[in-house]
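Commentary on secondary and tertiary structure
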Amino acid sequence: MLYVRFRTAGAEAAPGEEAYAELLGLLAEFSPVIEALPPDAALVDVRGALRYFGRDAAGIAALVRVRALARYGADCTIGIAANPLLARMAAHDPAPGDDAIRTVPDDPDAVAAFLATKPVTALHGVGQATARTLSSYGLDSVGRIAATPPATLQRILGASAGRRVHEQAHGIDPTPVSSAPVSSASRKGTTRASASAPARSVSAEHRFDHDELDADRRRRALLALTDDLGFRLRTDGQVARALTLIVRYADRSTTTRTRVLPEPTAHTPALAATAYALHDALALQRARVRAVSLRAEDLTGAEHAGHQLTFDQQAANARRLEPVIDRANARWPGAVRPAALADPPRRTA
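No experiment lies behind these values; they were computed from the predicted model shown.

1. Topic: the overall build of the chain
What the chain contains, in helices and strands, is 12 helices and 12 strands. Evaluated residue by residue, the chain yields a buried proportion of 42% over its 349 residues. Restricting to contacts in the chain with at least 6 residues of sequence separation, those with at least 24 account for 67%. In the structure as shown, the chain presents an accessible area of about 18600 Å², 53% of it carried by carbon and sulfur atoms.

The following block contains the structure:
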């Protein structure tokens, strides 16, 4: 299993949408089982490719890196492990000498050693609230969680969450790579990926001109991203059931948090409120943030989604006005946007 994170070589930025599609096409040369994780990552099941290429997973990872850099000027960090959880953690794990290919051996002792000192938030899906709950019982590392009886974790977190956290602490992740069929076709000497199924997520990223310390500017960036995501969802006739925030720091580390929306929606204010809540829950304080990304997930057709009625006339008017704003922006891009995103007035002498 490979977890691949793409970056623009020399810029440490996520690739654009077109470049990302090209890179997915590159991965399709090695395996048809690919799960796209926009805006800059993907999971690849390469078990069926090992014999064909006559290489192990690390050898295939090396080929991916060389071709990505040679064809598209993209560098990548690749985590290799037996399942998506460990591969993802390996890719995000700082490695000595900044080694770009990081492997977790498929051995119980090696997996236990890799996980032992990791903070509980390193486990996929464990947020700050769950981490605080576990830490209040002295369970502040993955190793300590692994040594805790499953029944104890279930009493603390509930049956389902306790069982899931216990399995992850032992490096167990039965989640398969969920892929839409991906085909590659040559166009003007490049490879472009296309999925035959509708997108399961849409994403947008804002990269700051400098490492950003100001929380208000980060929130302004999140508003711009939700405005963009909401417009794209409504244009495609889709709604999202969940929203994921990805924060990238100056030291190249990342924090990822996901929250299920109160109801499936493409309403910009609802998306913005959730994005703000995710951001505020991180309590970043003086963190040096390089970029923020939002991913609208678990998409479904808008015609299948219900909407909770409200007595808030202002909110109801905002929903009725959205289609009008969308038509204006479709004809004149950026013509109408939230007032908070307006450029500040210029000072005159």
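2. Things to note about the pattern of salt bridges
For the coordinates displayed, the defined rule picks out 18 salt bridges. With its nearest N and O atoms 2.8 Å apart, the salt bridge here joins D40 to R7. In this pair, D40 sits in the loop between β2 (34-37) and β3 (41-44) while R7 sits in strand β1 (residues 2-8), placing the two residues 33 residues apart along the sequence. Considered together, D40 and R7 belong to a single accessibility category, that of buried residues.

3. Here's the deal with the pairing of β1
Among the 7 residues that make up β1, 6 are buried, leaving the element largely enclosed by the rest of the structure. For β1 and β3, the ladder comprises 4 bridges, and the chain directions are antiparallel. When the bridges of β3 are listed, V4 appears paired with A42. Sheet topology places β1 next to strand β4 (residues 74-80); 7 bridges connect them, and they run antiparallel. Considered in β4, the bridge of R7 is made with D75.

4. Thoughts on the sheet that holds β2
Here we have 5 strands laid out as an open sheet, ordered β2-β3-β1-β4-β5, and mixed in their pairing. Each of the sheet's edge strands pairs with one partner strand only, and the pair in question is β2 and β5 (101-103). Pairwise comparison of adjacent strand axes, ignoring direction, gives a mean angle of 15 degrees for this sheet. Strands β1, β4 and β5 of the sheet are contacted by helix α3 (residues 57-72), whose axis makes an angle of about 165 degrees with β4. Contacting β1, β2, β3, β4 and β5, helix α4 (residues 84-92) crosses the sheet at an angle of about 35 degrees to β1.

5. So, the pairing of strand β11 (residues 289-297)
In terms of residue burial, β11 counts as a mostly covered element, since 9 of its 9 residues are buried. As defined by bridge partners, strand β8 (residues 201-212) adjoins β11 across 8 bridges and the pair is classed as antiparallel. Its bridge partner being in β11, A204 is matched across the sheet by L294. By the bridge criterion, 8 bridges tie strand β9 (residues 238-249) to β11 in an arrangement that is antiparallel. For I246, the partnering residue across the bridge sits in β11 and is S293.

6. Notes on helix α10 (residues 215-235)
Taking 1.5 Å per residue as the helical rise, α10 with its 21 residues ought to reach 30 Å, and the 30 Å between its terminal C-alpha atoms agrees with that figure. Buried-residue contacts for α10 involve β8, β9, β10 (254-265), α11 (268-281) and β11.

7. Things to note about the nonpolar core
Membership of the largest hydrophobic core comes to 31 residues, with the highest contact counts inside it found for L222, L233, V247, V292 and L294. Listed by contribution, the elements that provide at least two residues to this core are β8, α10, β9, α11 and β11. Residues within four places of L294 in sequence aside, it is in contact with V202, S203, A204, L222, L225, T226, L229, L243, T244, L245 and A275. Judged by nonpolar contacts, the second largest core, of 29 residues, contains M1, F114, V126 and I156.

8. Quick notes on the side chain of T226
Tracing the chain through its elements places T226 in helix α10. Engagement of the side chain of T226 in a polar contact is seen with the backbone oxygen of L223, the distance being 2.9 Å. For T226, the contacting residues outside a window of four places in its chain are T268, L271, A272, A275 and L294.

9. Quick notes on the environment of G158
For G158, the location among the structural elements is in the loop between α8 (150-157) and α9 (159-169). If we ignore the near neighbours within four places in the chain, the residues touching G158 are L153 and R163.

10. As for unusual backbone geometry
Backbone torsion omega between P38 and P39 reads 10 degrees, so that peptide bond is classified as cis. For D298, which is not glycine, the phi dihedral falls at a positive 55 degrees. On the secondary structure map, D298 appears in the loop between β11 and β12 (300-301).

11. With respect to α4
Most of α4 sits inside the fold, with 7 of its 9 residues counted as buried. Taken as a whole, α4 has its buried residues at P84, L85, L86, A87, M89, A90 and A91. On its buried side, α4 packs onto β1, β3, β4, β5, α5 (108-116) and α9. The residue sitting at the N-terminus of α4 and contributing the capping side-chain oxygen is N83; that oxygen lies 3.2 Å from the backbone nitrogen of L85.

Cut-offs and rules
Residues numbered from 1 in each chain as written. Predicted model: local features only at pLDDT ≥ 70, side-chain atom pairs only at ≥ 80, totals over all residues. Heavy atoms only, no water. Helix = DSSP H or I, 4+ residues; strand = E, 2+ residues; numbered from the N terminus. Buried < 20%, exposed > 50% of the residue type's maximum accessible area, 1.4 Å probe, protein only. Contact = heavy atoms within 4.5 Å. Areas by Shrake-Rupley, 256 points an atom, 1.4 Å probe, with all protein chains shown as cover. Salt bridge = Lys/Arg side-chain N within 4 Å of Asp/Glu carboxyl O. Pairing = 2+ DSSP bridges. Axes fitted to C-alpha atoms, helices over the stretch in contact; angles between N-to-C directions. Expected span 1.5 Å × (residues − 1). Core = buried A, V, L, I, M, F, W, Y, C linked by side-chain atoms within 4.5 Å. Polar contact = N/O pair within 3.5 Å; in protein donor to acceptor, adjacent residues only side chain to side chain.

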